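In case you want the letters, here they are:
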Amino acid sequence: MGILREDVVLISPAEKAGDPTVISVNCPDKTGLGCDLCRIILLFGLSITRGDGKWCYIVLWVDGKTNTRWDLLEKRLLEVCPSYFSTSGIDYYRPVNQQPRQLDVFLLKFWCSCDRKGLLHDITRVLFDLELTIKRVKVSTTPDGKVMDLFFITDSRELLHTNERRGQTILHLKTALGDVLVSCEIESAGLEITACSQGTLFLPSTINEDMFSLELPARHPGGLLASNPISVTVDNTLSPSHTLIQILCQDHKGLIYDTMRTLKDYNIQVSYGRFFAKRKGGCELDLFIVQADGKKIVDRNKQNALCYRLRMELWRPLRVAVASRGPDTELLVANPVELSSRGRPLVFHDITLALKNLNTHIFSVEIGRHMIRDREWEVYRILLDEGDSCRVPRNKIEEGVRKMLMGWE
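Residues numbered from 1 in each chain as written. Predicted model: local features only at pLDDT ≥ 70, side-chain atom pairs only at ≥ 80, totals over all residues. Heavy atoms only, no water.

- Per an unreviewed UniProt entry, the recorded name for the protein chain is ACT domain-containing protein ACR, and the organism is Hibiscus sabdariffa.
- Comment text from UniProt for the protein chain, heading Function (unreviewed entry), reads "Binds amino acids." (UniProt positions renumbered as here; feature names shortened; annotations may be inferred.)

In structure tokens:
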């Protein structure tokens, strides 16, 4: 007998204001399950304050929002649980990095009569609320101040091919943008159109060296490592069959996701885990893990490599830089892509929100994926308005965007 669908995910609302919401997941285990669950929770903008899990039973305490759609969250969590696909047990243990089924890509294009601060974030927010995922963006501003936006999107509900769903999307955009919106169209994006949407193939060599380094510097300018110490240790004495990974570090948005995606990419399974976030911003994470063969990690080189990778991913899960692009100022943000080809949720949403808060205008945007040093990265290249970028110091832009992405704002 398989687990009945209604027993797989249970969400217990907070009893009073300030209390966390408790999410319980009870399903057959699979390598990468924790990563998939944490990615969805991050996508919904929730913060995990405490976690406990053993094999097929996971409990997460999350700080919710008044507008959180809990019924939709439950549905999305169910979709990544093995029992949701099958109750026979045959499909429970699919390959950890199996590519997700490709959704149809659609082109959303519209003209706006004028640009304004926060316009792009308002559009991004509408698409997020409608469960439309942005794959690529081409934003440009004409000399007379008009805006032409091309969004290449997929629909989590798989309904964007219908007139009803397209009409709903256009109506929400018109409501959010008002008279600024001149025209809006949605069409299927064929292979030729999608190919034309590819961003710049090459990145500046200086950016490649600094942004995509996989090395932990001995000393970082400004003492960042000293102010944000990260401890990752291995212990094989506490369990006869599992390796214990203990992590002590400063909390940030998506911390557990960053940990779990790293382990998933290494094809490591978490049998038991415990997470606790302290009030002062620190956190503790204990994970009992095994390799793909079901055995503990005894090879010293493998232990060191895993600890080093975890430290690097938790120290700098996203890369942020502000550089010159000719006479203009360009903001670059990059995040690693999972081996399963999934990117990090809400990055573009947080970038546009940070720039909106900084009163900084966006002139153009390119989003693309690049293979750099044998690793795939999702890169956001945002050309800032010259007038605005002159008023806001570059270090303030970089700091503001990084804090928003890390949840430190």
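Next comes the rest of the write-up.
A short note on the sheet that holds strand β7 (residues 147-155)
Piece 1. Spatially, β8-β5-β7-β6-β15-β16-β14-β13 is the arrangement adopted by the 8 strands of the open sheet, whose pairing is antiparallel. Across the chains shown, the open sheet's two edge strands, defined by having one partner strand only, are β8 (181-188) and β13 (319-325). Within the sheet, the average angular offset between the axes of one strand and its neighbour, ignoring direction, is 25°.
Piece 2. Where β13 and strand β14 (residues 328-336) come together, 7 bridges link them in antiparallel fashion. The partner of valine 322 across the bridge, within β14, is leucine 331.
Piece 3. Strands in contact with helix α6 (residues 163-177) are β5 (106-112), β6 (132-141), β7 and β8; relative to β8, the strand with the most contacts, it is inclined by about 155°. (Pairing = 2+ DSSP bridges. Helix = DSSP H or I, 4+ residues; strand = E, 2+ residues; numbered from the N terminus. Axes fitted to C-alpha atoms, helices over the stretch in contact; angles between N-to-C directions. Contact = heavy atoms within 4.5 Å.)

Some points on the environment of threonine 142
Piece 1. Structurally, the position occupied by threonine 142 is in the loop between β6 and β7.
Piece 2. For the pair formed by threonine 142 and phenylalanine 363, sequence separation is 221 residues and the distance between their alpha carbons is 9.2 Å.

A few points about the environment of arginine 69
Piece 1. The residue arginine 69 is located in the loop between β4 (57-63) and α3 (70-80) in this model.
Piece 2. Sequence separation between arginine 69 and aspartate 129 is 60 residues; the distance between their C-alpha atoms is 9.7 Å.
Piece 3. Residues within four places of arginine 69 in sequence aside, it is in contact with Phe44, Phe128, Asp129, Glu131 and Arg157.

A short note on the sheet that holds strand β2 (residues 21-26)
Picture the strands of a sheet paired through backbone hydrogen bonds; they go either parallel or antiparallel.
Piece 1. Pairing is antiparallel in the open sheet, where 8 strands are placed in the order β1-β2-β4-β3-β11-β12-β10-β9. The outermost strands of the open sheet, each flanked by one partner alone, are β1 (9-12) and β9 (231-235). Strand-to-strand twist of the sheet, defined as the mean angle between neighbouring strand axes without regard to direction, takes the value 15°.
Piece 2. In terms of strand pairing, β1 meets β2 through 4 bridges, oriented antiparallel. Opposite isoleucine 11, over in β2, you have isoleucine 23 as the bridge partner.

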